[in-house]
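The residues making up each chain are set out below.
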Amino acid sequence: MDISRSTMDIAAACATAAVGAVVCYGATLNGTAWGSSGPEPGYFPFYVGCLIILGSAGTVVQTLLRRAGGRQEHGAEGEAFLDGERLRTVVAFFLPIVAMAAISAWLGLYIGMGLYIFYALRVAAGFRTLPSLVSALAVVAVNFVIFEKLFMVPLLKGPVLEAFGIY
Amino acid sequence: MGNFGQLMDGFAVALTTHHLMIMVMGVLLGLVVGVLPGLGAPNGVSLLLPLTFTMDPISAIILLTSMYWGALFGGSTTSILFNIPGEPSSVATTFDGYPLAKQGQAARALTLAFTSAGIGALTGVLVITLLSSWVANFALRFGAAEYFAVYFMAFASFIGMSGGSPFKTLVSMMLGFAAATVGIDTISGESRLTFELDELIGGISFLIAVIGLFGLGELLLTMEEGLKFEGVKARLDIRVIARAVAEVPRYWATLIRSALIGCWMGITPGGPTAASFMSYALGRRFSRRGRFFGKGEPEGIVAPETADHSAGSCALLPMLALGIPGSATAAVMMGGLMIWGLSPGPMLFSTRPDFVWGLIASMYMGNVIAVVLVLATVPLFAFILRAPFTVVGPLITVVCVIGAYTVANHMFDVWLALGFGIVGYVFKKLDYPLAPFVLAMVLGDKAEDAFRQAMLTSDGSPAIFFSNGLVATMMGLGLLLLSLPVLSLLLKGGRAAPKNDAAATPEGRSA
Amino acid sequence: MPKHALTALALCLGLAAPGVAFAEWKPNRPVEFVAAAGPGGGTDTFARVVQSALSKNELLTTPIIVSNKAGGSGAETFIYAKSNKGDPYKLYFGTQDAYVLPLANKLSYGLKDLTPIAAMVFDPFILWVNPKTSGIEDVKGFIAKAKEAPGQLKLGGAKAKEADETLMTLIEHATGTDLTYIPYKSGSEAAIQVAGGHITANVNNPSESVEQWKAGVQKPLCVFESERLADTTVIADGQSWHDIPTCKEAGIDVDSFAQPRTIWGAADLPPEALAYYTDLFTKAAAAPEFKSYQERGAQIPRLLTGDAFKDFIKKHEASYAEIYKRNGWLRAEQ
């Protein structure tokens, strides 16, 4: 389950090229000509999109050339971008963040962050349940005081807190 | 000498116990606001604004500007400790500040940043004091073409600076331009690249991109590298701070260069963010230690910090003299001025000299207080780094997520930041430079607007960019900066080329 | 949906007898003022002045939070309103943009997503030049200069296809001239460009140029109103706002083109809340803080609430739609 660096280089270049293509397409909706009094709104974005595609293509060619050259020199596929274990570590760190965002969108940021901190401390860092719970509550409380009380920046509350009369 | 006498009167106004207390309070609040991304200086100032309705204008503006200084310093703190720029203008500080902190020298990095920032700010105030009457007239000479020339210079100083693959640099910079384009176009009033999504009509916030690319991206990288967070070794030693303060004067050349760039960009419409980038780029090119930039080089911290703060101070002058705010924070303060019954503009200096000079005097005091207070917080921040990453990591994550939300109170922004986080992680691993992306995103739409306004003014003739001495000089300087890498390559001949090539790949990896 | 009709009926009743027909409603938590402009912009200042008038006079005792949603020329604010249907703790501050923006752009909100509360004051528009760099001293000189070289006279304003550019097309139409419009981020920015001699003229609200006038780098030519402004305090060159001729008497046949400063609630705002806010802003308009804001900006004190405001919106929107149609700015479907 190893991903080589050159594979990743090419994958990333394809992704940026796709973004470039989207930018080019979006720009054509605004008109891309150079009018009598300067460029139309889509002029710069269109060429920006083109340059993104061009640069991505350059990266692909460069990577392929290096891979061909590397094979001759080392007989190997070059260094690894990620191996299975590292990938697992990163995903194990990132997925809970996605979960926090999803829960926050549904139940509000305070519940989202509380659950996330509890999970991170209890499961990921291996603390005991009580300290993890207390820390999670403390984080929520500190954020609540800073944002709602001190700076009066209302964060997303969600239906649960509103039901408890916390706006 | 007229200015000097007025400044003394100003000090008499600013140096009351009441005002000193306000300064301390403002700086402390600013620090808190600056440290939290998403709660930037503009938020802080607008939140304090209601409090000032019942104050007299001088106390009110002292409170707001002190908060601004505090926020500027706070923004550098998170840049250095966590690679999360609390303020747009402190992005350039991450380039060397964070590597230095990672090497276990967080206290030194913070102290260097704060001290040089203080020097920069004081230089800026000095320039305001000496040149206030001249600056207002000078700023009036800036039309659309001149605006564009300023941005052009900032871009030109950056091109050819980053090592590594030119294709990747190109892609990174162009992606930045594309991101800056999203939203409604100033010139035509049409929406661009929004694809009829409500969420995109307001554009992509720069802060969202930075929180994702730098903050979350770096967290993922640290996680993957097996939680090696070298800050753990950070020693709490007061002597480190003293030694770092004493170290700063050694970088006098960088200090002077950066302060000049900062003042220039503050007076002209470039602003602090462009100033810090330009100063970093030129430092890298002209400093003897330039090739160590990006790996935790002290001069790489001094250069952007000095320029950032001198520009931040100088930018207040166009605000007072012309009523054109140089930054979002200045815009909020200007709103304040109007509510307090003062009108920023050319006449403010003659109708309310007590206000203007009281403010300028408070800028001296406020910055000195800010440096002292912020240096006192260094041990505290260094202490945070000693906590294990399994604890600090999730906390930083929460700060990033809340930060992304508070930028505009949109959940969509949180998702966007997560997306940018993955992009930042992949790009960093593949040696895509992020600095060109950030620079293009900050200045891209401004440069485009200025360019198209200039073309409208001249009926489509590019001659407007060389139509007077001022704009021609700036464009000329920009072109010179642009051609520097090519020139130096030509001068060095074939000798340098293979060496560069060999150095590019392994160096970039470690950065 | 009968419930809807009931609400509408209730709304009308609420307007007819504010504060009487319903049980007293009062906000018991922070109220958010969303300004459809960036910090420092005209609408932002408006929202903050109202905030200061309310809190200083203790008309509203719960905290007031001002936030900015300037994206999409302010459309972001009204889209946000759409997603907060019926929420009485969020009020939206804007200008005519609330109903004019959807005319030209494809946006996901419409007037039906908003409940009009009040237009608190009107900002007049003035035509400015820099007399020193342009050699123009009055409206006649302006028209002569414009006719001399069609398309050469550059007129600046805030943003594209909004009030400022609309007004320029009205000037063109009325005088038979061809001007070139140059959009800037804000009205004050355009004013500075005129003061610096980079462009010839600009149109904006009095407050955005008054300091340049005092400094002698800008001069008002005429005001786009049917009557002269009331304020007779001398400001510069021995002139007051009242001494500026109306554009009609000076030779540009454009009638009143004032910009309302408006306050909105989301759709389905509870009638008792609407009644409360109508009353609240009527009081705020009389507060000294608001009065001095009016004076500084040489604004026209005209408070519209309830049906009067609704009628005004209908007429104003129609007149904009007509101008937009003539300019070819209407969005495709219409």
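So, how was this worked out
Residues numbered from 1 in each chain as written. Chains lettered and ligands numbered in written order. Predicted model: local features only at pLDDT ≥ 70, side-chain atom pairs only at ≥ 80, totals over all residues. Helix = DSSP H or I, 4+ residues; strand = E, 2+ residues; numbered from the N terminus. Rg over C-alpha atoms; globule rule 2.2 N^0.38 Å. Buried ≥ 20, exposed ≤ 12 C-beta atoms within 10 Å, placed from the backbone. Contact = placed C-beta atoms within 7 Å. Pairing = 2+ DSSP bridges. Axes fitted to C-alpha atoms, helices over the stretch in contact; angles between N-to-C directions. Nonpolar A, V, L, I, M, F, W, Y, C, P; charged D, E, K, R; others polar. Parallel < 35°, antiparallel > 145°, perpendicular 65-115°, else oblique. Left-handed = near helix turned anticlockwise from the far one by under 90°. Domains from an automatic or database assignment. Core = buried A, V, L, I, M, F, W, Y, C linked by C-beta atoms within 7 Å. Right-handed = clockwise from strand over helix to strand, strands pointing away.

**Here's the deal with the overall build of chain C**
Point 1. Scanning chain C from N- to C-terminus turns up 13 helices and 13 strands.
Point 2. Over its C-alpha atoms chain C spans a radius of gyration of 20 Å, differing by no more than 12% from the 20 Å that the globule rule assigns to 334 residues.
Point 3. Summarising its shape, the C-alpha atoms of chain C cover approximately 65 × 45 × 30 Å along the three principal directions.
Point 4. Sorting the 334 residues of chain C into buried and exposed places 53% on the buried side.
Point 5. Put simply, of all contacts in chain C between residues at least 6 apart along the chain, 76% involve residues at least 24 apart.

**Comments concerning the sheet that holds strand β1 (residues 31-35) of chain C**
Through backbone hydrogen bonds, the strands of a sheet pair up, either in parallel or in antiparallel fashion.
Residue and element names in this part refer to chain C.
Point 1. Spatially, six strands are ordered β2-β1-β3-β12-β4-β13 in an open sheet, and the strand pairing comes out mixed. Strands with a single pairing partner mark the edges of an open sheet, and in this sheet they are β2 (64-68) and β13 (304-305).
Point 2. Pairing of β1 with β2, which is carried by five bridges, proceeds in the parallel orientation. By the bridge assignment for β2, Ala35 is matched with Asn68.
Point 3. Across the sheet, helix α11 (residues 271-285) touches β3 (90-94), β4 (114-123), β12 (259-266) and β13, and the angle it forms with β4 is around 10°.

**Examining the interface of chain B and chain A**
Point 1. With 45 residues of chain B at the contact, the number on the chain A side is 50 residues.
Point 2. For the side of chain B that touches chain A, the secondary-structure elements that each account for two or more residues are α3 (41-52), α7 (166-181), α8 (206-224), α17 (389-408), α18 (411-429) and α19 (435-457) of chain B.
Point 3. In terms of residue class, the side of chain B that touches chain A is made up of 28 nonpolar, eight polar and nine charged.

**Comments concerning the sheet that holds strand β7 (residues 180-184) of chain C**
All names here are of chain C.
Point 1. Pairing is mixed across the open sheet formed by five strands, whose spatial order is β7-β6-β8-β5-β9. A single partner strand is all that each edge strand has here, and the edge strands are β7 and β9 (219-223). Along the sheet, successive strands turn relative to each other by an average axial angle of 30°, direction set aside.
Point 2. As paired strands, strand β6 (residues 154-158) and strand β8 (residues 201-204) are joined by two bridges and run parallel to one another. Pairing of Leu155 across the sheet is with Ala201, part of β8.
Point 3. Along the sheet, helix α7 (residues 163-175) makes contact with β6, β7 and β8, crossing β6 at roughly 145°.

**Re the packing of helix α3 (residues 84-107) of chain A against α8 of chain B**
Point 1. In contact at an axis separation of 8 Å, α3 of chain A and α8 of chain B are set at 135° when each is read in the N-to-C sense. With respect to their mutual orientation, α3 of chain A and α8 of chain B come out oblique. Considering the relative orientation of α3 of chain A and α8 of chain B, their crossing is right-handed. Taken together, the residues of α8 of chain B that come into contact with α3 of chain A (itself represented by Arg86, Thr89, Val90, Phe93 and Phe94 of chain A) are Leu220, Met223 and Glu224 of chain B.

**So, the domain arrangement of chain C**
Residue and element names in this part refer to chain C.
Point 1. Entries for chain C in the domain assignment read domain 1 (26-123 + 259-327) and domain 2 (126-250).
Point 2. The interface is formed by 14 residues belonging to domain 1 together with 14 residues belonging to domain 2.
Point 3. For the side of domain 1 that touches domain 2, the secondary-structure elements that each account for two or more residues are α4 (97-104), α12 (288-296) and α13 (306-327).
Point 4. Its residues assigned to classes, the side of domain 1 that touches domain 2 shows three nonpolar, seven polar and four charged.

**Quick look at the interface of chain C and chain B**
Point 1. At the interface, 45 residues of chain C touch 43 residues of chain B.
Point 2. Within the residue set of the side of chain C that touches chain B, elements represented by two or more residues are α2 (42-56), α3 (75-82), β7, α8 (187-195) and α9 (206-214) of chain C.
Point 3. Broken down by element, the residue count for the side of chain C that touches chain B peaks at eight residues, all from α2 of chain C.
Point 4. By residue class, the composition of the side of chain C that touches chain B is 14 nonpolar, 18 polar and 13 charged.

**Considerations on the nonpolar core**
Point 1. Core analysis: the largest hydrophobic core is formed by 322 residues, its most contacted members being Ile52 of chain A, Phe148, Tyr151, Ala154, Ile208 and Ala417 of chain B together with Phe93 of chain C.
Point 2. Broken down by element, the residue count for this core peaks at 23 residues, all from helix α5 (residues 91-140) of chain B.
Point 3. Each of domain 1 (26-123 + 259-327) and domain 2 (126-250) of chain C contributes no fewer than three residues to this core.
Point 4. In this view, Phe93 of chain C contacts Phe33, Val34, Ala35, Ala36, Thr43, Phe46, Ala47 and Ile263 of chain C; residues no more than four positions away in its chain are not counted.

**A closer look at α8 of chain C**
Residue and element names in this part refer to chain C.
Point 1. With nine of its nine residues buried, α8 lies for the most part within the structure.
Point 2. Listed as buried for α8 are Gly187, Ser188, Glu189, Ala190, Ala191, Ile192, Gln193, Val194 and Ala195.
Point 3. Immediately beyond the C-terminal end of α8, within one or two residues, lies Gly197, with a positive phi of roughly 80°.

**Overview of the pairing of β1 of chain C**
Point 1. Of all five residues in β1 of chain C, four are buried; the element is thus mostly enclosed.
Point 2. Crossover handedness for the path β1 of chain C to α2 of chain C to β2 of chain C: right-handed.

**Digging into unusual backbone geometry**
Point 1. Phi angles above zero are rare outside glycine, and Asp431 of chain B is one such case at about 65°.
Point 2. Mapped onto the fold, Asp431 of chain B is located in the loop between α18 and α19.
Point 3. What makes Asp431 of chain B buried here is the crowd of 20 C-beta atoms within 10 Å.
Point 4. One non-glycine residue, Glu58 of chain C, adopts positive backbone phi at about 55°.
Point 5. Examined against the element boundaries, Glu58 of chain C turns out to sit in the loop between α2 and β2.

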